[in-house]
Every structure is written in C-alpha cells, then in structure tokens.
Amino acid sequence: MSKPQIVEILEGSFNALADETYRRVWGTPGYDEQHMDPADLRATLEANLRAIVACLPAQAPLPEDAVTAAHRIGRSRALQGVGIDAVMSSWSTAERVLVDALLGHADLLPAAQLRAWVARLSAIIERLTRESVEEYRLTQHEVTAHYDRVSADLVAMLLGERPAETGEIRRSARTAGVDPDVPYLAMVVSATAAAAPADTRAQRHVLAALSHQMAGRVILGVTDGYPLLLIPTTEDPAGLICALEEALRPARAPVPMLVAVAEAAVELPLAGESCRAARDAVEVGRRLGWQERVVRAQDVAAETLLIRNPPVADALLRRIAALLDRPELLETLRVYLSCGLSARETARILYVHANTVPYRLRVIERLLGCSLSDVRQLSDAILALRWLDLIDSPHVAATFPSGSGKSSQS
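Residues numbered from 1 in each chain as written. Predicted model: local features only at pLDDT ≥ 70, side-chain atom pairs only at ≥ 80, totals over all residues. Heavy atoms only, no water.

Draft legend 1. Inspection of helix α8 (residues 166-175) at higher detail. Within α8 the residues assigned to the buried category are Ile169, Ser172 and Ala173. Projected onto a plane normal to the axis of α8, the buried residues spread over an arc of 100 degrees and lie on a single side. More than 90 degrees from the buried face of α8, the exposed residues found are Arg171, Arg174 and Thr175. One or two positions beyond α8, positive phi appears at Gly177, with a value near 80 degrees. (Buried < 20%, exposed > 50% of the residue type's maximum accessible area, 1.4 Å probe, protein only. Helix = DSSP H or I, 4+ residues; strand = E, 2+ residues; numbered from the N terminus. Arc of directions from axis to C-beta.)

Now the structure itself:
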C-alpha cells in the first residue's frame, strides 16, 4: 500500500483518533476544568493530529505552521497553569495513539516501511514536544518572574503624575519589545484574598483566558499593589470582556477575583488615563465587596469621582450628617431612592405601616433642611449614600482600622 493511501486511511479516522487521545489526556493532572476549557483541548488535538499525519510521508523539515502550533500549545498551557510534565505527557499520548493506528494497518505495510513510519512519527513528536516545552518555559519565565525593568519603567511612565511625552513612550515601548500603535485594553486584577500568591494566580488565569485574543506581547505592571495588564488587541474589547466574564465564573476561576477594565482600548501613548480608570474601578469593586465579576470603568464613574475627590465627597456626606445616627431613616431614604420615590413600595420592602414611610420622609426633610422633591438635593443624597457605602466597606475598615469609616482616612 502506498504512503498516500495510508495517510488517507488515517485522515478518515481523525475523529476517532482525537476522541481516543482526548479520553486518555482529559482528567489527568492539569488537564481539567480548573485549568482549561475541554473544548480547547479537543480542538487542539484534532488540529495537531492532522498536522502530524500530513508530515508523515515527507522527510523534509516540519512546516512552519506545525511548529507555530506547538509554540501556541506551550504558551497556552503555561498561562493556564498546566504542569510541564503534563504537556510532555500529552504529546506522548498523541504519539501512542497514532502508533496504535499505524499498527492497526500493519498487515498492509512491509515491515521496513512500518518501522520507518514509526521512526518518522517519533521524530516529529520529539521535535514538536521540544518546541512546546521551550515556549512553555519562556512564557512561564515571562509571567512568573518579576516584571522586567523596561516594562516596569514603561508602566510607571504611563501612570506618572506628569504625563510622559508621546515620543518617550514610543521609544520605551519599542525597547520593551511591544508595539505602541496597537490598541491596548487596560485591566487591573484583584483576588479577593488580597494576598500576593492569590493575585499571581488570578493574573495567570486572566492571561490564559485571553491568550488566543491577544495581538502581541502583554505589558505587565503593578498599580497600588494590584497586577496591571495592558492587553494588545485588534478585536472589539467586548469580545475580551465576554471571555473574561466566562473565565471569572466560580467553576472556572482558581480564586475569587475581580477584574476591572478601562472603557476602551487605546494606543499606548494614551493609555495612562485608562490604567488609572481601571485601577480606580477595581478599588470601587473591592470597597463594595464585589467578587467574581468584571467591573467596567464606565459603570462606576460616579464612585470613581468620589474616590478621586474625597473633600467633595466629604462635603456631600456632611449634607446628610443629621441622618448618620438614625439608621432607620438612612435605610428608609436608601430604599425610597431605589424604589423610584415610591412611598408605597418602600413600605412594602421595609415591612412597615403605609403611614410610617411618609412620616419618616417628613422627618428626613426636616433634618436635612430640604425637600426630597428637589432633584439637585436628591442627587446629592444619592452620592452621599454611595460615598458612605465606599468608606464603610469591610475593605476600607481593614485597610484603615483607625478611621471608623470616616472619609478622612480614605
């Protein structure tokens, strides 16, 4: 039987070969839902088996696309946290499955030809394994080692109080090996545990989730102790955010975490404000006790303004100071505002008599010295209550134990 005929037979059984390889690999340490999507492994297996079989008849060097695919596997598995031994084992498993398939047609091949094909298959797998392992180690060093000096300087430049000149940022970016003209989406990652190892695991998980949508090298940095990621993308940021939301589901994430994202992807010289917006957004999320979610900077714009302007926020809080020692009035005001100014609905939610809410509202107006029908006063009250949420959160209490929830410590 000719070589093309054997290849044709193997190609006709790709689904079965991929299924068998998947069955042997999935569920081994590292190849599980905590680290990756099973569909990712299934798609990778089938594509690689096709590439390997296509290379069997030829003695020429492996095609560049096969080597590139091996690099992609090594990089993805490193970002996903799959052990290097597991990566090497998965390649060996694919080799055994293909050898078994060849042996299944041993009666159609001369012994010498069968030995040659098995030797060729072994050489191909050995080369692809080596390429995957080298890329894995390079990626692991990139991600787990401390941020290199050039990238750290670039992030510091973007976050600096004095905006760096565009030319300076471009030169620093090229020195760091990144393209300053690609749009970058700023993200800040925070694990709920707030411990450095947890933040590192969270960062690795986010990078793994987005690895197939990146348009270049990620810029890694730190802001206020949180990992900062600048993700190069030519895609609509909505696609990245959808991938993030899926990755942050409790069944997928290795630790509970928040990821704050800027409003839009921008070119690197304009990314400073995006980085600050993402940093402030993650701080809002932590103060409010959020977890396992993506926080969009545009969705917490009001809270960000309060955090950035404590004196203004304090002035707003003083306007409702007379209510701070009356928790029943504060709760009534909160529910009344959230119910669209419906006294009836407020009474229902609070389980109080229908006449109680109008009475409390009159007391609130008297203590505040204003009418709740005044839109400006209502806006001030809403912002003041939000600021109270931000400064009375457990996160703030743990960070500023002496503040007793007072904004002067924020």
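Draft legend 2. Representation of the layout of surface pockets. What the largest pocket holds in volume is close to 260 Å³. Of all the secondary-structure elements, those providing two or more residues to the lining of the largest pocket are α9 (196-210) and α10 (237-247). Among the residues making up the lining of the largest pocket, the classes are represented as five nonpolar, seven polar and four charged. (1 Å grid on protein atoms, 1.4 Å probe; cavity = no way out; pocket = protein on both sides within 12 Å on 5 of 7 lines; lining within 4 Å. Points joined across faces, edges and corners; volume = space filled by probe spheres on them. Nonpolar A, V, L, I, M, F, W, Y, C, P; charged D, E, K, R; others polar.)

Draft legend 3. How the structure looks around the nonpolar core. Counting 60 residues, the largest nonpolar core has Leu230 and Leu268 as its most contacted members. Among residues more than four places away in sequence, those in contact with Leu230 are Leu158, Tyr184, Leu185, Ala186, Val218, Ile219, Leu268, Ala271 and Cys275. Core analysis: the second largest hydrophobic core is formed by 38 residues, Val87, Ala94, Leu98 and Leu102 among them. (Core = buried A, V, L, I, M, F, W, Y, C linked by side-chain atoms within 4.5 Å. Contact = heavy atoms within 4.5 Å.)

Draft legend 4. A look at empty space enclosed by the protein. Evaluated as defined, the whole model comprises two cavities of 30 Å³ or more. For the largest cavity, the calculated volume is near 120 Å³. Lining the largest cavity, in full, are Tyr31, Leu41, Thr44, Leu45, Asn48, Leu49, Ile52, Ile73, Arg77, Ser90, Trp91 and Ala94. If you list the elements that add at least two residues to the lining of the largest cavity, you get α3 (38-55), α4 (64-80) and α5 (84-103).

Draft legend 5. Representation of unusual backbone geometry within the structure. Phi is positive for Glu292, close to 55 degrees, though the residue is something other than glycine. Judged by its relative accessible area of 34%, Glu292 is partly exposed. In this model, Tyr351 sits at a positive phi of 55 degrees, which is unusual for a non-glycine residue. Within the element layout of this structure, Tyr351 appears in the loop between α15 (343-350) and α16 (356-368).

Draft legend 6. Up close: the pairing of strand β3 (residues 226-232). For β3, the tally of buried residues reaches seven of seven residues, placing the bulk of the element in the interior. Here β3 shows no split at all, with Tyr226, Leu228, Leu230 and Pro232 on one side and Pro227, Leu229 and Ile231 on the other all buried. Bridging between strand β1 (residues 183-191) and β3 involves five bridges; their strand directions are antiparallel. Note on β3: the bridge partner recorded for Leu185 is Ile231. Relative to β3, strand β2 (residues 219-223) runs antiparallel, the two being bridged by five bridges. Across the sheet, Gly221 pairs through a bridge with Leu228, a residue of β3. Here β2 folds back onto β3 in antiparallel fashion, the turn holding two residues, of which Asp224 has a positive phi close to 55 degrees. (Pairing = 2+ DSSP bridges.)

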